[in-house]
Amino acid sequence: MTVDAYRLALARLQDVAPYVVASKARVEFDGKHWVIPFFNRRYHVEFPQGRVEGAGGEIPSLWLQVLLLHYLLYADGTAPADRWIGCRELPGGYFVSEDKFEARSQPPVARLYGRDAQGLAGASKALGGTPMPGIGDAAYRFLALPQLP
């Protein structure tokens, strides 16, 4: 399925206006490549071929290539809303189990930082996180993609 999504994204990329895509996705376009920040890394997507590589020349996994291509293809310029929603509220989000997400994400963070809020703060800030006051003992917001916290 991922290979099919990749092929379809590459085909669709041929028909886009690259500067319009860059504007809607809030990414840079240098005439040949879009530069997409993803968490604390930068990826380059070649236009119109769709070749994706990291800033150091490494080729990311196929799922990440599909994600970055889809971000370029489907970003519509809408700014993020000022409210958080659950995965199930997203179109098609019923396929995402919040229980599985929590089971996979919370234990590693708790194991590393437990009651060490200052350690969590330092690590979060080093990765580009910004504090979210009023949510639990400590919470941080990360931009996965320019318009997607």
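As the structure is a computational prediction, the values presented were derived from the model and not from experiment. (Residues numbered from 1 in each chain as written. Predicted model: local features only at pLDDT ≥ 70, side-chain atom pairs only at ≥ 80, totals over all residues. Heavy atoms only, no water.)

(A) Spatial organisation of the nonpolar core. Core analysis: the largest hydrophobic core is formed by 26 residues, its most contacted members being V27, W34, I36, L68, L69 and L72. Those elements that place two or more of their residues in this core are α1 (2-13), α2 (18-25), β2 (33-38), β3 (41-46) and α3 (62-74). Looking at which element gives the most residues to this core, the answer is α3, with seven residues. Dropping the residues within four chain positions of it, L68 is found in contact with I36, F38, Y43, V52 and L145. (Core = buried A, V, L, I, M, F, W, Y, C linked by side-chain atoms within 4.5 Å. Buried < 20%, exposed > 50% of the residue type's maximum accessible area, 1.4 Å probe, protein only. Helix = DSSP H or I, 4+ residues; strand = E, 2+ residues; numbered from the N terminus. Contact = heavy atoms within 4.5 Å.)

(B) Region of the structure containing α1. A rise of 1.5 Å per residue sets the reference length of α1, with its 12 residues, at 16 Å; its end C-alpha atoms lie 16 Å apart and thus fit the reference within 8%. For α1, the full list of buried residues reads Y6, A9, L10 and L13. Along the axis of α1, the buried positions cluster into a sector of 100°, meaning they face one direction only. Counted as exposed and oriented over 90 degrees from the buried face of α1: R7 and L8. Tucked inside the fold, the buried residues of α1 contact β2, β3 and α3. (Expected span 1.5 Å × (residues − 1). Arc of directions from axis to C-beta.)

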